[in-house]
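# Per-entry structural report
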Amino acid sequence: MISVLIECKDQEKALAVTLAALVRGAVEGLVAEVVILDRGSRDGTALLADAAGCRFLEDPDLRDVVRSARGDWLLLVEPGARPLLGWIDHIGQHMVSGQMSARMRPSREYRLPFLQRFRRRMSAIEHGVLIPKRQAIANAKSGQSLESLGRGLAMTRLKCEIIPASVLALQ
């Protein structure tokens, strides 16, 4: 089972999109928990997290969050990102056979216009990062963000796709 970690600040609408996409993973028994790491939101993020059954933590220490995660694997996702069909099976297969971190492929259908993809800096967790909990514990530091935890890891690409949060921002 996996623990999904989502870091946000005033991103209630984007968070709702991601949580809706994760429901099937919870129903299928892959997602053990969703942890919302809030960085000072003033919108309805806390209410949304509570209604969705998520663990909501205000300004938590990432090191403590990683240690307390229930899953043996962690999925780091940006609010607004949406895994597409097949993600449950591919992540499950990777967890059984793989020991290294992985990321999903960016959606071929839903993506930023050509020039916008090259003019911006890509987030380390834009395509989701699946990381073994033991590796995350070894890499996590106090005061660190999910972005920095996902940066610089040797990863393999899963055969499932994700719609990045940046695409939602265009709509």
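Residues numbered from 1 in each chain as written. Predicted model: local features only at pLDDT ≥ 70, side-chain atom pairs only at ≥ 80, totals over all residues. Heavy atoms only, no water.

## With respect to the overall build of the protein chain
Quick note on the threshold: Under the DSSP-based scheme used, a helix requires at least four consecutive residues in state H or I and a strand at least two consecutive residues in state E, with every element numbered from the N terminus. Relative accessibility under 20% of the residue-type maximum defines a buried residue, over 50% an exposed one, and the middle range a partly exposed one, all with a 1.4 Å probe and only protein chains included. Every residue pair with non-hydrogen atoms within 4.5 Å of one another is taken to be in contact. Per-residue and other accessible areas follow the Shrake-Rupley method at a 1.4 Å probe size, with only the shown protein chains counted as cover for residues. This count recognises Lys and Arg as positive and Asp and Glu as negative, with His and chain-terminal groups excluded. By convention, the point assigned to a charge is CZ for Arg, NZ for Lys, CD for Glu and CG for Asp.
Broken down by element type, the protein chain carries eight helices and eight strands. When the backbone C-alpha atoms are referred to their principal axes, the protein chain occupies close to 40 × 40 × 30 Å. Classification of the 171 residues of the protein chain by burial places 50% in the buried group. In the protein chain, once contacts between residues fewer than 6 apart in sequence are set aside, the share between residues at least 24 apart is 79%. Carbon together with sulfur atoms contributes 51% to the accessible area of the protein chain, which is approximately 8,800 Å² in total. Side-chain charges of the protein chain comprise 24 positive and 19 negative groups, with the mean position of each set lying 8 Å from the other.

## As for the side chain of Glu7
Defined as follows: Nitrogen and oxygen atoms within 3.5 Å of one another constitute a polar contact, given that in protein one can donate a hydrogen and the other can accept it, and given that sequence-neighbouring residues count only through two side-chain atoms.
Position of Glu7 relative to the elements: it lies in strand β1 (residues 2-8). At 3.3 Å, the side chain of Glu7 forms a polar contact with the backbone nitrogen of Leu146. Beyond its immediate stretch of four places on either side in the chain, Glu7 contacts Leu37, Arg39, Val77, Pro79, Ser145, Leu146 and Glu147.

## A word on the sheet that holds strand β4 (residues 73-77)
Worth spelling out the cut-off: A pair of strands counts as paired when DSSP detects no fewer than two bridges linking them. Geometry is summarised by axes, namely lines fitted to C-alpha atoms with helices restricted to the contacting stretch, and by angles between N-to-C directions that run from 0 to 180 degrees.
The eight strands are arranged β3-β2-β1-β4-β7-β6-β8-β5 in an open sheet whose pairing can be described as mixed. A strand with exactly one partner marks an edge of an open sheet, and here the two such strands are β3 (55-58) and β5 (82-83). Helix-sheet contacts for helix α1 (residues 12-27) involve β1, β2 (31-38), β4 and β5, and the interaxial angle to β2 is about 165°. The sheet strands contacting helix α4 (residues 87-97) are β1, β2, β4, β5, β6 (101-106), β7 (129-132) and β8 (155-163), and the helix crosses β8 at an angle near 165°.

## Brief notes about the pattern of salt bridges
Spelled out, the test is: A pairing counts as a salt bridge when a side-chain nitrogen of Lys or Arg comes within 4 Å of a carboxyl oxygen of Asp or Glu.
For the structure on display, the rule yields six salt bridges. Residue Arg55 is joined to Glu33 by a salt bridge in which the shortest nitrogen-to-oxygen separation is 3.5 Å. Here Arg55 is found in strand β3, whereas its partner Glu33 is found in strand β2, with 22 residues between them in sequence. A salt bridge links Glu161 to Arg108, with the shortest nitrogen-to-oxygen separation between them at 2.7 Å.

## Quick notes on the side chain of His94
Locating His94 in the fold gives a position in helix α4. With relative accessibility at 10%, the residue His94 sits in the buried group. Residue contacts for His94: discarding those within four places in its chain leaves Trp73, Met100, Ser101, Ala102, Leu130, Thr156 and Leu158.

## Concerning unusual backbone geometry
A positive phi angle is found at Asp10, which is not glycine, with a value near 55°. As for its position among the elements, Asp10 is in the loop between β1 and α1. Judged by its relative accessible area of 33%, Asp10 is partly exposed. With a phi angle near 45°, Asp59 is a residue other than glycine that sits in the positive phi range.

## As for α4
Because the α-helix completes a turn every 3.6 residues, residues three or four places apart line up on one side. Worth spelling out the cut-off: This arc is taken over the directions from the axis of the helix to the C-beta atoms.
Listing the buried residues of α4 in full gives Trp87, Ile88, Ile91, His94 and Met95. Along the axis of α4, the buried positions cluster into a sector of 135°, meaning they face one direction only. In α4, the exposed positions that point more than 90 degrees away from the buried face belong to Asp89, Gln93, Val96 and Ser97.

## Re the pairing of β7
Because side chains alternate across β7, one face comprises the buried residues Val129 and Ile131, and the other comprises Leu130 and Pro132, equally buried. Pairing of β4 with β7 involves four bridges; the strand directions are antiparallel. When the bridges of β7 are listed, Leu75 appears paired with Leu130.

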